[in-house]
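# A closer look at the structure
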Amino acid sequence: PKIWYPDYVNNICKKDGKYGPYEQNFFSSYDECCKFDFMDEVKCMENKPAIYYANYDTNTCTSDGNPSPYEDKLFMTHHECCQYDWIHTETCTSAGDVPSQNSAPVTVVDYYPDLVYNKCKCDGKQRDTDQIFSSYDKCCKYPWLNKNECMKHSHECTAQTVPTPSQTVLWYPDLNSNRCKNDGNNPDGVLVFTSHQVCCFRNM
């Protein structure tokens, strides 16, 4: 989406939606906006702010300049990014600005409810239809589980390592079945996501 607009006075581009009533020049990226004829491109690029985006697997935000090409939620500050609905705010804030996706793998777990045994699992075998949680405690609060009984099994979960970027699974919405899938058969032109949870949130 074209959300960046030029601030001609300060030679900077913004996306805060506070443009003047007669502004008609909008751009899809900060860099593209700086190249606009009425901007001093050099000064504009010098004023380029850090752009933060969310890592849904690790509940962190980073400004390393390498967001997924499918990510459309970008933020001007680390605080703003950590307030995003699909990020655990306390975890994100305490982790600070994660320097790079290429750093050592981060240990995280996806939890999902097992209604048969009244507990939560973290074995990575969740179905497309399962609700995913970022902590065992949150999972046990699922309405159809007895929380006290569920918490007795918390020791059964062990951490899993986040896949490297080359192993990242992409999810896409299959509107025919009203589910998000990761079978690699996403049609051309369909927006894909690095998280099953975010795919469902955005499309289902």
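One structure accompanies this document, and this report is about it.

Reading the values: rules and limits
- Residues numbered from 1 in each chain as written.
- Predicted model: local features only at pLDDT ≥ 70, side-chain atom pairs only at ≥ 80, totals over all residues.
- Heavy atoms only, no water.
- Helix = DSSP H or I, 4+ residues; strand = E, 2+ residues; numbered from the N terminus.
- Buried < 20%, exposed > 50% of the residue type's maximum accessible area, 1.4 Å probe, protein only.
- Contact = heavy atoms within 4.5 Å.
- Areas by Shrake-Rupley, 256 points an atom, 1.4 Å probe, with all protein chains shown as cover.
- Salt bridge = Lys/Arg side-chain N within 4 Å of Asp/Glu carboxyl O.
- Pairing = 2+ DSSP bridges.
- Disulfide = S-S within 2.5 Å.
- Core = buried A, V, L, I, M, F, W, Y, C linked by side-chain atoms within 4.5 Å.

Bringing the overall build of the chain into the picture now. Counting its regular elements, the chain contains seven helices and 12 strands. Burial statistics for the chain: of 204 residues in total, 33% are counted as buried. For the chain, the share of sequence-separated contacts (at least 6 apart) that also reach a separation of at least 24 residues comes to 51%. Accessible surface computed for the chain: about 12,700 Å², of which carbon and sulfur atoms make up 49%.

Let's shift gears to the pattern of salt bridges. Should the charged atoms of two oppositely charged side chains come close, the side chains can pair. For the structure on display, the rule yields seven salt bridges. Lys14 is paired through a salt bridge with Asp7; the nearest N and O atoms lie 3.0 Å apart. The exposure class assigned to Lys14 is partly exposed, which follows from its relative accessible area of 28%. The shortest N-O distance in the salt bridge between Lys147 and Asp137 comes to 3.5 Å. On the criterion of sequence distance, the pair formed by Lys147 in helix α6 (residues 147-151) and Asp137 in helix α5 (residues 136-140) is long-range, its members being 10 residues apart.

The subject of this paragraph is the pairing of strand β3 (residues 52-55). In terms of strand pairing, β3 meets strand β5 (residues 74-75) through two bridges, oriented antiparallel. In the strand pairing of β5, Tyr53 is matched with Leu74. Pairing geometry for β3 and strand β4 (residues 60-62), over three bridges, is antiparallel. In the strand pairing of β4, Ala54 is matched with Cys61. Linking β3 back to β4 in an antiparallel pair, the connection comprises four residues, with Asn59 at a positive phi of about 55°.

Further remarks concern unusual backbone geometry. Note on backbone geometry: most residues besides glycine have negative phi, and most peptide bonds are trans. Residue Asn11 is not a glycine yet carries a positive backbone phi of 50°. Among the structural elements, Asn11 can be located in the loop between β1 (5-7) and β2 (12-14). Asn11 gets classed as buried once you look at its relative accessible area, which sits at 16%.

For Thr62, the position within the fold is in strand β4. Residue Thr62 is classed as buried on the basis of its relative accessible area of 4%.

For the rest of this paragraph, the subject is the state of the cysteines. Applying the stated criterion across every chain yields a total of six disulfides. The disulfide partner of Cys120 is Cys139, and the gap between their sulfur atoms is 2.0 Å. An S-S torsion of about -100° defines the bridge between Cys120 and Cys139 as left-handed. Highlighted residues: Cys120 in strand β9 (residues 119-121) and Cys139 in helix α5, separated in sequence by 19 residues. Taken as a pair, Cys120 and Cys139 share a single burial class, namely buried.

Moving on: the nonpolar core. Counting 11 residues, the largest nonpolar core consists of Trp4, Ile12, Cys13, Phe27, Tyr30, Cys33, Cys34, Phe36, Met39, Cys44 and Ile51. For this core, the elements supplying multiple residues, two or more each, are β2 and α1 (30-34). Here the element with the most residues in this core is α1; it accounts for three residues.

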